[in-house]
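# Survey of secondary and tertiary structure
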Amino acid sequence: ALFYGLINECIEQLICEGFGRDKWHAVKAAAGLSDVEDGDFLQSQQYDQGVTYRLVGGISEVLGLTTEAALEAAGEHFVSQYLMRNGYLA
């Protein structure tokens, strides 16, 4: 299955804003995605769902969160921050 890049972009924003760019780099490394440049996830591009799952796993590993807690944090950021900033909600 494919996910749109806005999910991965949201995850990047969550980590960079909440924990710093160094933690984002650590998450990407833990996810095996070190080759992805900062800001490279495009909102409308489709990515294999495995990329998103690997990012969530990276969050869990780097921040010491359960997968459930990592998903919950990403979902909360998506609804409370990302959608508003990108004009999806007024």
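Above this text sits the structure in question.
### Here's the deal with a nonpolar patch on the surface
On the surface, Met-84, Tyr-88 and Leu-89 cluster together into a nonpolar patch covering about 290 Å² of accessible area. Among the secondary structure elements, Leu-89 is positioned in the segment after helix H4 (67–85). The class for Leu-89 is partly exposed, based on a relative accessible area of 40%.

### Thoughts on the packing of aromatic side chains
Enumeration according to the criterion identifies 3 aromatic pairs in this entry. For the pair Phe-41 and Tyr-47, a centre-to-centre distance of 5.3 Å together with 75° between the ring planes defines the contact as edge-to-face. The class for Phe-41 is buried, based on a relative accessible area of 4%. Note on Tyr-47: relative accessible area 12%, which makes it buried.

### What about the packing of helix H3 (residues 49–63) against H4?
It is the contact of H3 with H4, at a shortest axis distance of 9 Å, that shows an interaxial angle of 115°. Taken together, the axes of H3 and H4 are roughly perpendicular relative to one another. Note that H3 runs across H4; the crossing there is right-handed. Contact residues: H3 offers Val-56, Ile-59 and Ser-60, while H4 offers Thr-67, Ala-70 and Leu-71. Among the residues making up the contact of H3 with H4, the classes are represented as 4 nonpolar, 2 polar and no charged.

### Considering the nonpolar core
Of all hydrophobic cores here, the largest spans 17 residues; its most connected members are Ile-11, Trp-24, Phe-41 and Leu-55. Those elements giving two or more residues to this core turn out to be helix H1 (5–19), helix H2 (21–30), H3 and H4. Core analysis: the second largest hydrophobic core is formed by 5 residues, Leu-6, Cys-10, Tyr-82 and Leu-83 among them.

### Observations regarding H3
Side chains of residues three or four places apart in an α-helix project in the same direction, reflecting 3.6 residues per turn. With 15 residues, H3 extends 21 Å between its outermost C-alpha atoms, agreeing within 8% with the 21 Å of an ideal straight helix rising 1.5 Å per residue. When we look at burial in H3, the residues that qualify are Val-51, Thr-52, Leu-55, Val-56, Gly-58, Ile-59 and Ser-60. Buried-residue contacts for H3 involve strand S1 (2–4), H1, H2, strand S2 (46–48) and H4. For H3, the capping residue at the N-terminal end is Asp-48, with a side-chain oxygen 2.6 Å from the backbone nitrogen of Gly-50. Within two residues after H3, Gly-64 carries a phi angle of roughly 70°, on the positive side.

### Considerations on the pattern of salt bridges
Under the criterion given, the structure shown has 4 salt bridges. Between Arg-21 and Glu-12 there is a salt bridge; the shortest N-O distance is 3.8 Å. Under the relative-accessibility criterion, Arg-21 is labelled partly exposed at 40%. One salt bridge connects Arg-85 with Glu-17, and the closest N-O pair in it is separated by 2.6 Å. Within this pair, whereas Arg-85 is found in helix H4, its partner Glu-17 is found in helix H1, the two being separated by 68 residues in sequence. Residue Arg-85 is classed as partly exposed on the basis of its relative accessible area, which comes to 44%. According to the relative accessible area criterion, Glu-17 is partly exposed, its value standing at 47%. Taken together, the shared-partner salt bridges in this structure form one network comprising Glu-12, Arg-21, Lys-28 and Asp-38.

Reading the values: rules and limits
Residues numbered from 1 in each chain as written. Predicted model: local features only at pLDDT ≥ 70, side-chain atom pairs only at ≥ 80, totals over all residues. Heavy atoms only, no water. Patch = residues over 30% accessible without salt bridge, like charges linked within 9 Å, V, L, I, M, F, W, Y side chains within 5 Å. Areas by Shrake-Rupley, 256 points an atom, 1.4 Å probe, with all protein chains shown as cover. Salt bridge = Lys/Arg side-chain N within 4 Å of Asp/Glu carboxyl O. Helix = DSSP H or I, 4+ residues; strand = E, 2+ residues; numbered from the N terminus. Buried < 20%, exposed > 50% of the residue type's maximum accessible area, 1.4 Å probe, protein only. Phe/Tyr/Trp six-rings, centres within 6.5 Å; stacked < 30°, edge-to-face > 60°. Axes fitted to C-alpha atoms, helices over the stretch in contact; angles between N-to-C directions. Parallel < 35°, antiparallel > 145°, perpendicular 65-115°, else oblique. Left-handed = near helix turned anticlockwise from the far one by under 90°. Contact = heavy atoms within 4.5 Å. Nonpolar A, V, L, I, M, F, W, Y, C, P; charged D, E, K, R; others polar. Core = buried A, V, L, I, M, F, W, Y, C linked by side-chain atoms within 4.5 Å. Expected span 1.5 Å × (residues − 1). Polar contact = N/O pair within 3.5 Å; in protein donor to acceptor, adjacent residues only side chain to side chain.

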